[in-house]
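Observations on the model geometry
Chain residues, written in single-letter form:
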Amino acid sequence: MSIYQVLQSTGLPCAYSHFKTGQEPPYIVYIGNGQDTFEGDNTHYWKRNRYQVEYYFAVKNESNETSIESALLDAGFIYEKSEDLYLEDQGVFMIYYYC
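All of the points below concern the structure found in this document. (Residues numbered from 1 in each chain as written. Predicted model: local features only at pLDDT ≥ 70, side-chain atom pairs only at ≥ 80, totals over all residues. Heavy atoms only, no water.)

1. Thoughts on the pairing of strand β2 (residues 27-40)
Regular strands place their side chains on alternate faces of the sheet. The pairing of strand β1 (residues 14-16) with β2 spans three bridges and is classified as parallel. The residue bridging C14 from the neighbouring strand is I28, located in β2. In this antiparallel pair of consecutive strands, β2 and strand β3 (residues 43-57), the connection spans two residues, and D41 shows a positive phi of 50°. (Pairing = 2+ DSSP bridges. Helix = DSSP H or I, 4+ residues; strand = E, 2+ residues; numbered from the N terminus.)

See the structure below:
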């Protein structure tokens, strides 16, 4: 299952990098954030893509956060979560999930 499918399963609007038109919160945006690899003997034995997931919201909804976190964990993504960050210029909050 792709990260897009995982995030879409939350029921929140989701896009890679950005939405082409304005999107009212809550919504999710994600972007690739490199790759973890295990290498040896001139080959890759293991690789896993990393992602930065951004959850935007105007009103705190812990149910949405739980939905995102459960979807990530159920799909095998281990994540780190940031604090709630207020984006004054946009008038919304954002939480980063690094997975």
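2. Considering unusual backbone geometry
Geometrically, the link from P25 to P26 is a cis peptide bond, its omega value of 10° lying close to zero. By the element assignment, P26 lies in the loop between β1 and β2. One non-glycine residue, N42, lies in the positive phi region at around 60°. Positionally, N42 belongs in the loop between β2 and β3. According to the relative accessible area criterion, N42 is exposed, its value standing at 86%. (Buried < 20%, exposed > 50% of the residue type's maximum accessible area, 1.4 Å probe, protein only.)

So, to be careful, I would describe these as geometric facts and stop short of saying anything about function.
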